[in-house]
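# Structure assessment
So you can see what is in the structure, the chains are spelled out below.
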Amino acid sequence: MSAKIVVIGAGAMGGSFGALLARGGAQVRLIDGWEEHVAAIERGGLRVDGVFGELRVDLPARTGSDLDDWAGWADWALVFTHASATAGAAETAASVLAPHGRAVTLQNGIGNVETLAQRLGAERVVGGSSLCSAALLAPGHVALTNLDVSTLGEIDGNNGASVAEFAALLTAAGFEVALDRHITTTIWRKFLVNCGINALCAVTGLRSGEMTRVPELYALQDKVLDEALAVTAAKGIALAGDEVKAGIRHTAHYRFNRPSMLQHVIAGRRTEIDAINGALIREARQLGIATPYNEALVALLKGVEIARERAVHEPGLDYAAWEARVADEPLPPG
């Protein structure tokens, strides 16, 4: 019998992985909070463009509000939500997984494995990191824009038969897969990639390869990464700083994709900045490490988010009326 997989967070990456896993022979169901996206999938299937050509797959899709008839169905829950939604994803996974079922996270950010393990138990969680890229083009339409390695590993480093089983499912779907006994280090390495590329692209509107060709931004990337590497060193995470920086710079310089943060900004949606550079700042504060460059980047991106939200969703905002409303408003403290 084919494996049963529920993808929790069926946007760009989750939708791409879900459709290709289905093509590879798995039974796949999708959960996503965007009602229009779910409705489009239910109406006409999920369309996936990109590295494997055009594919359209009919898949059951829900928003997550009514999953009673999916309870206990899945062998695997593949989590691709924003890190800010991981706690909710853990509850959903607990509902849809069979007693033997396990959750796999390929999310951006740090803390996702720990959040899932708190709800499900560490023995039922597989950590992971993917260097693939994807884009959400329209409701019901995604694209896998870059195919690269996806890495899996159990928290305790044992990587037993069930991890190999899920790796085989991804391989059958066309993905390149590696198993890693030090998955926490791998997750942090991907986290540093996100810290050093995504926010800079989102703030500037530039694709990664464009960003590295602006000398001032290239220098700023170096400062952002130095702060991040100071945190990993203080936490005892074994990463060779010079090698990590060289790898991130190589990735950024020769790729011209739109990172997910930039995609969200363009669409007028909030980004994962609090779970990426924002998470780094929180870790740094606990360790007494200063992160002024990352703090400035987070502050700037929050302003960009608001500006794009208003441009996309409130194009007729009456600023004169707003000015009149706040005429007697006290200044914020600080």
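Located above this text is the structure these notes cover.
Given the structure is predicted, the values throughout are model-derived calculations rather than measurements.

### Here we look at the overall build of the chain
- Helix and strand counts for the chain stand at 13 helices and 12 strands.
- By the compact-globule yardstick of 20 Å for 334 residues, the chain fits well, its C-alpha radius of gyration being 20 Å.
- Projected onto its principal axes, the C-alpha coordinates of the chain cover approximately 65 × 50 × 35 Å.
- Expressed as a percentage of its 334 residues, the buried residues of the chain come to 51%.
- Here the analysis covers contacts within the chain between residues at least 6 apart in sequence; of these, 69% occur between residues at least 24 apart.
- Carbon and sulfur atoms form 52% of the exposed surface of the chain, whose accessible area is close to 15200 Å².
- Each charge sign in the chain was given a centre, from 29 positive and 38 negative side chains, and these centres are 3 Å apart.

### Topic: the pairing of strand 10 (residues 141-146)
- Counting buried positions over the six residues of strand 10 gives five, a clear majority of the element.
- Judged from the five bridges that link them, strand 9 (residues 133-138) and strand 10 form a sheet pairing that is antiparallel. The residue bridging Ala135 from the neighbouring strand is Ala143, located in strand 10.
- Counting the residues that bridge the hairpin from strand 9 to strand 10 gives two residues, and of these Gly140 lies at a positive phi of roughly 80°.

### Quick notes on the side chain of Asn257
- Summarising the element assignment, Asn257 is placed in the loop between helix 9 (241-253) and helix 10 (260-266).
- On the basis of relative accessible area, Asn257 is assigned to the buried category, the value being 18%.
- At 3.4 Å, the side chain of Asn257 and the side chain of Ser208 are in polar contact.
- Non-local contacts of Asn257, meaning those with residues more than four positions away in its chain, are made with Ser133, Arg207 and Ser208.

### As for the packing of aromatic side chains
- The final tally for this structure, using the stated rule, is five aromatic pairs.
- Ring centres of Phe17 and Phe80 lie 5.1 Å apart, and the angle between their planes is 55°; this geometry places the pair in the tilted category. With Phe17 in helix 1 (residues 12-23) and Phe80 in the loop between strand 6 (74-79) and helix 3 (86-96), this residue pair connects regions lying 63 residues apart in the sequence. Of the two residues, Phe17 and Phe80, neither departs from the other in class, the shared state being buried.
- Taking the centre distance of 4.0 Å and the plane angle of 15° together, the rings of Phe17 and Phe175 count as stacked. A residue pair is termed long-range when its members are at least 10 positions apart, and Phe17 in helix 1 and Phe175 in the loop between helix 5 (161-172) and strand 12 (176-179) qualify at 158 residues.
- What makes Phe17 buried here is its relative accessible area of 0%.
- For Arg23, the ring lying beneath its charged end belongs to Phe52, and the centroid distance is 5.0 Å.
- Between the NZ or CZ atom of Arg249 and the centre of the ring of Tyr218, over which it lies, the distance is 4.0 Å.

Conventions used here
Residues numbered from 1 in each chain as written. Predicted model: local features only at pLDDT ≥ 70, side-chain atom pairs only at ≥ 80, totals over all residues. Heavy atoms only, no water. Helix = DSSP H or I, 4+ residues; strand = E, 2+ residues; numbered from the N terminus. Rg over C-alpha atoms; globule rule 2.2 N^0.38 Å. Buried < 20%, exposed > 50% of the residue type's maximum accessible area, 1.4 Å probe, protein only. Contact = heavy atoms within 4.5 Å. Areas by Shrake-Rupley, 256 points an atom, 1.4 Å probe, with all protein chains shown as cover. Lys, Arg positive; Asp, Glu negative; His and termini not counted. Charge placed at Lys NZ, Arg CZ, Asp CG, Glu CD. Pairing = 2+ DSSP bridges. Polar contact = N/O pair within 3.5 Å; in protein donor to acceptor, adjacent residues only side chain to side chain. Phe/Tyr/Trp six-rings, centres within 6.5 Å; stacked < 30°, edge-to-face > 60°. Lys NZ or Arg CZ within 6 Å of the ring centre and 35° of its normal.

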